[in-house]
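Commentary on secondary and tertiary structure
If you want the building blocks of each chain, they are given just below.
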Amino acid sequence: MLKNEQFPAGALEIIKKLKASGYQAYLVGGCIRDRLLDLSVEEWDITTAAKPDEVAKLFPKVVPTGIEYGTVTILLPDGNYEVTTFRADEKYVDGRHPANVVFTGDIHKDVSRRDFTINALAYDPLADELIDDFAGKKDLNNKVIRTVGDPIERFREDGLRSVRACRFAAKLGFEIEQRTFEAIGQTLDVTKKVAPERLHDELVKMLAAEKPSIGFELMRRSGLLKQILPELEACWGVEQPPEFHKYDVYWHSLHSCDAAPKGDIVIRLAALLHDISKPSCKKDFTYYNHDQVGMETAENILKRLKFSNEEIGKVSNLIGNHMFNYTSEWSDAAVRRFIRRVGLGNIKALFALREADTRAMEREIDSHYLVELQKRIHKIVEEQNALHVSDLKVDGNDVMQTLNIPAGPKIGRVLDDLLEKVLDDPKLNDREILLKMIKTYA
Ligand code: ATP
Ligand code: MG
C-alpha cells in the first residue's frame, strides 16, 4: 500500500526500535492522511503503547515537549519526531480539555478519540498494517470531512474541532459531510469558550491553504465567522461600485486573500482585512478613510486573535497604505515621501497586496505602473537619497550648537523640517548647506 521509501529514515528507525522492545508503534494522523493523498508531510507523528518514560529510555536525545499529554520529542539527525503514548480520553470538561489523559495499550481506543475519520488513520510501515476503523480511507477518496462518531457529541467535547473541520476543508479542498456541517452551527456555544491561542493556530493553518476562502465561507455559512470574525461577516452583501467591482466587500476580501502569496501570512492577513472597515465607512459608493479606520479595526482583530505585535504592525502598515494612487506624474519628491511613509522594507509586500487586491476586481487592471514605480524607487535607493532624519548630514548636536539652545522638542522639529526640504531637493543634504539653513531657525 504505502511504500517504506515514502517515510523518513528517522521515523522508521523509531518504530523499529519501539517494536523490537515489544511496544506497538504507528505513524498516525495527518502524516498518513497526507501521504495517502500524495501531499508533502512536515510533521511525522508516532503513536505507541510505550509510556513516555519507556520511550525516553530507548533514545539518547528526548525532550518532554507535551508530557501531560503523553508526548515526547525524539531528536534524530534527519529531524524531530513527536511520539505520543496511545490515549483514551473518556471525559471532557468545559468543551476544551480532556479532564484527565488516560494512557491505553490499545491503538483502536487511540484512533477513536481523534477528530475526523481522515485523521484517525494509523499505519505500521514495518508490518504494512493500516488501522482504519472509521472508513477514513474511503472518506479520503470521496474528499469528505466527517467526525469520528456523533458530530454534535464530538464538537461538544472540544469546540475547536468545528473550526478544524473548516480548516481541513480549505487545506484539502474537501467537503464537510452534511451532519458534521450541521453540528457546527449547533455547537457554537462550545466554540465560544475555546482559547483564542488555539483559534489562532487553526486560522494560521487555514491562511496557508491554497484557497483560504473555502474555510472562511464554511465558517460564515455555519455561523462560526460571526462569532470569531464578526467584522468580516459584516462585509457580506455590502455592494461596491460595479464599474470596478464584481464582488461585494466580503467576496472581494476572500478572493484577494486567495490571490495573495500562499506562504506569507502577513500579506494574506492584509489582503483579507484591507477593506474591513468599508462597511462602517460606506456612504453611497464611497468609503472615506476606510484605510485608516481599517488599520485600527485590523489591529483590534489581530490582537484579539493573538497574532504577534510584529505581525500586527506589518499588517496594519500595509492596510494603512493600500490606497496609494501612483501615476507617472508623481514627482521624485513624491516617490521619496512614499518610500518614507511605507518603509523601504515593506514596499515589496505592499505591491503584492496591490496585485492580490487588483486580481479580485471587475477586470484586472494593468499593473505595469507598479514596475515603473519600483524602478523609480530603486533609483532613489541607489542614489542614497535621505529618507529619514538619521540620513541627514547634520544631527541634533549641530542644531543645538548652531542655535545655542539646549536639548528639547525644538531640535526634532528643526530636523523634521530640514528633512522635508531635503525630500523635495536631495542636493540640500550637504553639511555646509544644512548648517546655514539651521541658522534661519534662530
Ligand atoms: P496538519 O498537517 O495540517 O498539522 P494534522 O492532522 O497533523 O494536520 P494537527 O493539529 O497537527 O493536525 O493534529 C495531529 C493529529 O492529532 C490529528 O491528525 C488528529 O488525529 C489529532 N487531533 C489534533 N487535534 C485534535 C482535536 N482537537 N481533537 C481530536 N483529535 C485531534
Ligand atoms: Mg500536524
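A quick note: this is a predicted structure, and the numbers were derived from the prediction, not measured.

1. Considering the overall build of the protein chain
Tallying secondary structure elements over the protein chain gives 24 helices and 13 strands in all. Taken against the 2.2 N^0.38 rule, which gives 22 Å for 442 residues, the C-alpha radius of gyration of the protein chain at 28 Å runs more than 25% over that of a compact globule. Counting only contacts in the protein chain whose residues sit at least 6 apart along the sequence, the fraction spanning at least 24 positions is 65%. A total of about 21,400 Å² of accessible surface is found on the protein chain, and carbon and sulfur atoms cover 50% of it. Considering the protein chain, the positive charge centre built from 63 side chains and the negative charge centre built from 71 side chains are found 1 Å apart.

2. Describing the packing of helix H8 (residues 178-186) against helix H11 (residues 212-222)
The N-to-C vectors of H8 and H11 enclose an angle of 60 degrees; their axes lie 8 Å apart at closest approach. Classified by the angle their axes make, H8 and H11 are oblique. Packed against H8, whose contacting residues are Phe 181, Ile 184 and Gly 185, the element H11 presents Leu 218, Arg 221 and Ser 222 at the interface. Looking at the contact of H8 with H11, its residues break down into three nonpolar, two polar and one charged.

3. Some words on the pairing of strand S4 (residues 71-76)
In terms of residue burial, S4 counts as a mostly covered element, since five of its six residues are buried. Judged from the three bridges that link them, strand S3 (residues 62-66) and S4 form a sheet pairing that is antiparallel. Looking at the pairing, Val 63 lines up with Thr 73 of S4. As defined by bridge partners, S4 adjoins strand S5 (residues 79-85) across six bridges and the pair is classed as antiparallel. From the neighbouring strand, Thr 73 faces S5, where its bridge partner is Glu 82. The antiparallel hairpin formed by S4 and S5 contains two residues in its connecting segment.

4. Remarks on H8
Buried within H8 we find Thr 180, Phe 181, Ala 183 and Ile 184. Viewed end-on, H8 has its buried residues packed into an arc of 155 degrees, placing them on one side of the element. Between the side-chain oxygen of the N-cap and the backbone nitrogen of Arg 179 there are 3.0 Å, and the N-cap of H8 in question is Glu 177.

5. A short note on the domain arrangement of the protein chain
Domain boundaries in the protein chain define domain 1 (4-136), domain 2 (143-228), domain 3 (240-381) and domain 4 (389-439). The C-alpha centroid of domain 3 is placed 43 Å from the C-alpha centroid of domain 1.

6. Focus on unusual backbone geometry
The phi angle at Asp 38 is positive, at roughly 65 degrees, despite the residue not being glycine. For Asp 38, the position within the fold is in the loop between helix H2 (30-36) and strand S2 (45-48). Residue class for Asp 38 comes out exposed when judged on its relative accessible area of 61%. With a phi close to 55 degrees, Asn 404 is a non-glycine residue in the positive phi region. One can find Asn 404 in the loop between helix H22 (396-403) and helix H23 (409-424).

7. Remarks on the nonpolar core
Residues Phe 216, Phe 338 and Leu 418 are the most contacted members of the largest nonpolar core, which totals 117 residues. Excluding residues within four positions of it along the chain, Phe 338 makes contact with Phe 324, Trp 330, Ile 347, Leu 350, Phe 351, Leu 373 and Ile 377.

8. Focus on the site of ligand 1
Near ligand 1, the surroundings consist of 16 residues, among which Arg 33, Arg 161, Arg 164, Arg 167 and Lys 205 are the closest. Asp 115 is positioned with one of its backbone polar atoms (N or O) 3.2 Å from a nitrogen atom of ligand 1. Among the cavities detected, the one that contains ligand 1 is the largest pocket. Of all the elements in the fold, those that place two or more residues in the shell around ligand 1 are H2, helix H7 (160-172) and helix H10 (196-207). Among the elements that line the shell around ligand 1, the one with the most residues is H7, at five residues.

9. A word on the layout of surface pockets
Reported here for the largest pocket is a volume of approximately 1,900 Å³. Lining the largest pocket we find 44 residues, and of these Glu 43, Asp 45, Arg 164, Arg 167 and Lys 205 sit closest to its centre. The set of elements that each furnish at least two residues to the lining of the largest pocket consists of H2, S2, S3, S5, strand S7 (97-98), H7 and H10. Examining the composition of the lining of the largest pocket, we find that six residues originate from one element, H7, more than from any other.

10. Examining the pairing of S2
The pairing of strand S1 (residues 25-28) with S2 spans three bridges and is antiparallel. Its bridge partner being in S2, Tyr 26 is matched across the sheet by Thr 47. By the bridge criterion, four bridges tie S2 to S5 in an arrangement that is parallel. Among the inter-strand pairings, Ile 46 is bridged to a residue of S5, identified as Val 83.

11. Some remarks on the side chain of Ser 316
Relative to the helices and strands, Ser 316 is located in helix H18 (residues 309-320). Owing to a relative accessible area of 4%, Ser 316 belongs among the buried residues under this scheme. Excluding its chain neighbours within four sequence positions, the residues that come into contact with Ser 316 are Met 295 and Glu 299.

12. Description of the state of the cysteines
Counted under the stated rule, the structure contains zero disulfides. Just so you know, Cys 166 is unpaired, no disulfide at all, and the nearest cysteine sulfur is the one on Cys 257, 15 Å from it. According to the relative accessible area criterion, Cys 166 is buried, its value standing at 0%. Between Cys 235, a cysteine without a disulfide, and Cys 281, which holds the nearest cysteine sulfur, the sulfur-to-sulfur distance is 11 Å. A residue is classified by how much of its surface remains accessible, and Cys 235, at 0% relative accessible area, is buried.

Thresholds, definitions, all that
Residues numbered from 1 in each chain as written. Chains lettered and ligands numbered in written order. Predicted model: local features only at pLDDT ≥ 70, side-chain atom pairs only at ≥ 80, totals over all residues. Heavy atoms only, no water. Helix = DSSP H or I, 4+ residues; strand = E, 2+ residues; numbered from the N terminus. Rg over C-alpha atoms; globule rule 2.2 N^0.38 Å. Contact = heavy atoms within 4.5 Å. Areas by Shrake-Rupley, 256 points an atom, 1.4 Å probe, with all protein chains shown as cover. Lys, Arg positive; Asp, Glu negative; His and termini not counted. Charge placed at Lys NZ, Arg CZ, Asp CG, Glu CD. Axes fitted to C-alpha atoms, helices over the stretch in contact; angles between N-to-C directions. Parallel < 35°, antiparallel > 145°, perpendicular 65-115°, else oblique. Nonpolar A, V, L, I, M, F, W, Y, C, P; charged D, E, K, R; others polar. Buried < 20%, exposed > 50% of the residue type's maximum accessible area, 1.4 Å probe, protein only. Pairing = 2+ DSSP bridges. Arc of directions from axis to C-beta. Polar contact = N/O pair within 3.5 Å; in protein donor to acceptor, adjacent residues only side chain to side chain. Domains from an automatic or database assignment. Core = buried A, V, L, I, M, F, W, Y, C linked by side-chain atoms within 4.5 Å. Near = heavy atom within 4 Å. 1 Å grid on protein atoms, 1.4 Å probe; cavity = no way out; pocket = protein on both sides within 12 Å on 5 of 7 lines; lining within 4 Å. Sits in = over half its atoms within 2 Å of the grid points. Points joined across faces, edges and corners; volume = space filled by probe spheres on them. Disulfide = S-S within 2.5 Å.

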